[in-house]
Amino acid sequence: GLDMLAAYADGTARYINHSGSAVVWDAPDNSLHLQIESVLRAGEAVVDRIGPWEGRRPPAPPTGQARISMLTPSGLHFGQAEFGALAGDQLGGVVISRATELMQSLMAKTRQQGLIRP
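Residues numbered from 1 in each chain as written. Predicted model: local features only at pLDDT ≥ 70, side-chain atom pairs only at ≥ 80, totals over all residues. Heavy atoms only, no water.

Attention shifts here to helix α1 (residues 33–47). With 15 residues, α1 ought to run about 21 Å at 1.5 Å a step, and its terminal C-alpha atoms sit 21 Å apart, in line with that. When we look at burial in α1, the residues that qualify are I36, S38, V39, A42, G43, V46 and V47. Against β1 (4–7), β2 (13–16), β3 (22–25), β4 (65–72), β5 (75–82) and α3 (92–112) lie the buried residues of α1. (Helix = DSSP H or I, 4+ residues; strand = E, 2+ residues; numbered from the N terminus. Expected span 1.5 Å × (residues − 1). Buried < 20%, exposed > 50% of the residue type's maximum accessible area, 1.4 Å probe, protein only. Contact = heavy atoms within 4.5 Å.)

Further remarks concern the pattern of salt bridges. In the structure shown here, the tally under the stated rule is two salt bridges. As a salt-bridge pair, R14 and D26 come within 2.9 Å of each other at their nearest N and O atoms. On the criterion of sequence distance, the pair formed by R14 in strand β2 and D26 in the loop between β3 and α1 is long-range, its members being twelve residues apart. We note a salt bridge from E37 to R41, for which the minimum N-O separation is 3.1 Å. Here E37 pairs with R41, and both are found in helix α1, just four residues apart, close to one helical turn. Classification of E37 as partly exposed rests on a relative accessible area of 32%. Among the residues examined, R41 registers a relative accessible area of 46% and is labelled partly exposed. (Salt bridge = Lys/Arg side-chain N within 4 Å of Asp/Glu carboxyl O.)

In terms of strand pairing, β1 meets β2 through four bridges, oriented antiparallel. What sits directly across from M4, in β2, is I16. A loop of five residues connects β1 with β2, the two strands running antiparallel in sequence, and G11 in this loop sits at a positive phi of about 90°. (Pairing = 2+ DSSP bridges.)

Encoded structure:
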């Protein structure tokens, strides 16, 4: 299944696990602000190098692949590849790394509040 992470300029974030469980961070404090900003900056670096997608949004990536999507005023920008290749890419790897850190922090915040178990 697919995991999805979304980070927003207003400091909120969402993580949806392939199992269907989700973490919704509506920024009750600013403790994740720098991590969210870091994900967004990494995504901006990708947007600065690639143009917007010009077609219909493709279906979900197949098993073994990952997609980084950035929704901007100019449209959808995305990169997709085998996970290892994307994680090792000069631009994509930074996004994957920052997003993974944010995902782990979101899960830790939720565990601290006793809402999910490790």
